[in-house]
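An overview of the molecular structure
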Amino acid sequence: MSLLVFGKTGQVATELARRAPEATFLGRDAADLSDPAACAAAIRARAPEAVINAAAYTAVDRAEDEEDLATTINGAAPGAMAAACAALGIPFVHISTDYVFDGAGTAAFAPDAPVAPLGTYGRSKLAGEEAVRAAGGAHVILRTSWVVSAHGGNFVKTMLRLSETRDRLTIVADQIGGPTAAGPIAQACLTAAGRLTTDPNLAGTYHFSGAPDTSWADFAREIFRQSGRTVEVVDIPASEFPTPAKRPANSRMDCTTLTRLGIDRPDWRMDLTEILTELGARR
Ligand SMILES: NC(=O)C1=CN([C@@H]2O[C@H](COP(=O)(O)OP(=O)(O)OC[C@H]3O[C@@H](n4cnc5c(N)ncnc54)[C@H](OP(=O)(O)O)[C@@H]3O)[C@@H](O)[C@H]2O)C=CC1
Ligand SMILES: Cc1cn([C@H]2C[C@H](O)[C@@H](COP(=O)(O)OP(=O)(O)O[C@H]3O[C@@H](C)C(=O)[C@@H](O)[C@H]3O)O2)c(=O)[nH]c1=O
Ligand SMILES: [Mg+2]
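Residues numbered from 1 in each chain as written. Chains lettered and ligands numbered in written order. Predicted model: local features only at pLDDT ≥ 70, side-chain atom pairs only at ≥ 80, totals over all residues.

This brings us to the site of ligand 2. Around ligand 2, a shell composed of 18 residues is seen, among which T58, T97, S145, V172 and W216 lie nearest. Those elements that provide at least two residues to the shell around ligand 2 are α5 (155-163) and β7 (168-172). Tallying contributions element by element places β7 first for the shell around ligand 2, with three residues. Among the residues forming the shell around ligand 2, the class breakdown is eleven nonpolar, five polar and two charged. (Near = placed C-beta within 6 Å. Helix = DSSP H or I, 4+ residues; strand = E, 2+ residues; numbered from the N terminus. Nonpolar A, V, L, I, M, F, W, Y, C, P; charged D, E, K, R; others polar.)

Rendered as structure tokens:
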């Protein structure tokens, strides 16, 4: 299958390149998502058999000051890609986020649960979801959460970096979610693209996050345990870690419908071991 991927250097794009090296990857130089029409033109010019969008504006706090740019990149660009794919009759796989939810309650959010983003990033990603659905083609929107890998910027690398200079860290303990390694996300996108090609009835919105659900503080503890670093992690409420963007307290996602695509939730503790091994940070 000739596959076109938006994104080249990000966490998920890097893992896609490992699993589908024959695909074409468009970095920012080849397709800038701040120019949605150019993204659609890139698809038409290459006429692939499927498209995956792994590029996005992911700076959650900075987005609060750049709503227009974030909304173009995360909203209009995927909408234009999806429209181009629909016109060509090819599947489009797009990645979204737990931050489309408000995080109320403690129950896991199902894919059809009401959305109500708390910040600009979540709103911009929701705009993307709506535009992709409105395009009317065979699409999969895969909502994931708390993405980590051996490359790019993420919580695992932040924790390892902070542990170089600190023996005590205060970490938010009242936000609960599923850390998800970029490798399994990339694999899920490839599976979704393949399945959509043969069965367009599988189109829709799915949840894919690592199990078991945990807090950022307990996630940090497991990072230090597996890397053999002695760092005291102190639980704090989010109210004691003020940030420009508010994050959901409950990011639990119900992933059961994923089994329709033949995909199960990955165990993030095993994926963490792999990431730390790749980083040379295993105890
Ligand atoms: N990171 C996370 O914790 C989560 C991510 N997601 C979603 O998963 C998907 C993949 O995220 P992830 O791999 O972590 O993202 P990263 O932040 O690792 O990478 C983002 C990628 O998007 C590219 N990009 C940003 N702006 C533009 C632009 N204007 N034009 C072209 N490319 C651009 C970046 O390119 P460059 O290197 O040039 O900046 C980079 O390759 C995204 O849709 C994201 O919203 C969902 C839940 C959690
Ligand atoms: C560095 C640090 C963070 N924290 C908290 C802040 C926050 O609540 C939590 C995680 O911080 P981050 O900045 O990594 O989180 P954030 O960038 O908000 O991560 C999000 O990114 C976007 C793209 C998504 O789509 C989400 O699924 C989610 O992964 O840890 C501490 O409590 N103490 C610390 O020392
Ligand atoms: Mg971040």
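Before going further, it helps to examine the nonpolar core. Formed by 82 residues in total, the largest nonpolar core has its most connected members in V5, C39, M81, L142 and C189. Of the residues forming this core, the biggest block, ten residues, is contributed by helix α3 (residues 67-88). Contact partners of C39, with chain neighbours within four places excluded, come to F6, A31, L33, A77, A80 and M81. (Core = buried A, V, L, I, M, F, W, Y, C linked by C-beta atoms within 7 Å. Buried ≥ 20, exposed ≤ 12 C-beta atoms within 10 Å, placed from the backbone. Contact = placed C-beta atoms within 7 Å.)

Time to look at the packing of α5 against helix α7 (residues 216-227). Contact geometry for α5 and α7: axes closest at 10 Å, N-to-C directions at 65°. Judged by the sense of rotation from one axis to the other, the crossing of α5 with α7 is right-handed. Contact residues: F155, V156, M159, L160 and S163 in α5; F219, A220, I223, F224 and S227 in α7. Looking at the contact of α5 with α7, its residues break down into eight nonpolar, two polar and no charged. (Axes fitted to C-alpha atoms, helices over the stretch in contact; angles between N-to-C directions. Left-handed = near helix turned anticlockwise from the far one by under 90°.)

A few words now on the site of ligand 1. Around ligand 1 there are 26 residues in total, and G10, Q11, A55, A56 and V147 lie nearest to it. Put simply, the parts of the chain that give the shell around ligand 1 at least two residues each are α1 (11-19) and β4 (92-97). When residues of the shell around ligand 1 are assigned to their parent elements, the largest contribution, three residues, is made by α1. In the shell around ligand 1, the residues fall into twelve nonpolar, ten polar and four charged.

Glancing now at the environment of P111. As for its position among the elements, P111 is in the loop between β4 and α4 (120-135). Accessibility expressed as a C-beta count within 10 Å gives 17 for P111, which makes it partly exposed. Sequence spacing of P111 and A63 is 48 residues, and the spatial spacing of their C-alpha atoms is 24 Å. Those residues in contact with P111, other than ones at most four positions away along the chain, are T205, Y206, H207 and T257.

Attention now moves to the UniProt feature "domain: RmlD-like substrate binding" (unreviewed entry) in the protein. When the UniProt feature table is mapped onto this chain numbering, "domain: RmlD-like substrate binding" (unreviewed entry) sits at residues 1-279. The distance from the first to the last C-alpha atom of residues 1-279 is 32 Å, and the span holds 38% helix and 16% strand. (UniProt positions renumbered as here; feature names shortened; annotations may be inferred.)

Below, the discussion takes up the sheet that holds strand β1 (residues 3-6). The six strands lie next to each other as β2-β1-β3-β4-β5-β10, forming an open sheet whose pairing is parallel. Of all the strands in the sheet, the pair left with one neighbour each is β2 (24-26) and β10 (204-207). On average, each strand axis in the sheet is tilted by 20° relative to the strand beside it, whichever way the strands run. Pairing analysis gives four bridges linking β1 to strand β3 (residues 50-53), with the strands arranged parallel. Opposite L3, over in β3, you have A50 as the bridge partner. Contacts from helix α6 (residues 182-198) reach β1, β3, β4 and β5 (139-144), with the element oriented near 160° to β5. (Pairing = 2+ DSSP bridges.)

Let us now look at unusual backbone geometry. Of note, the amide linkage connecting A211 to P212 takes the cis form, showing an omega dihedral of -5°. Within the secondary structure, P212 sits in the loop between β10 and β11 (214-215). A positive phi is found at A47, a non-glycine position, where the angle reads about 40°. Position of A47 relative to the elements: it lies in the loop between α2 (36-46) and β3. Of note, W146 is a non-glycine position whose phi angle comes to about 50°, a positive value. Locating W146 in the fold gives a position in the loop between β5 and β6 (147-148).

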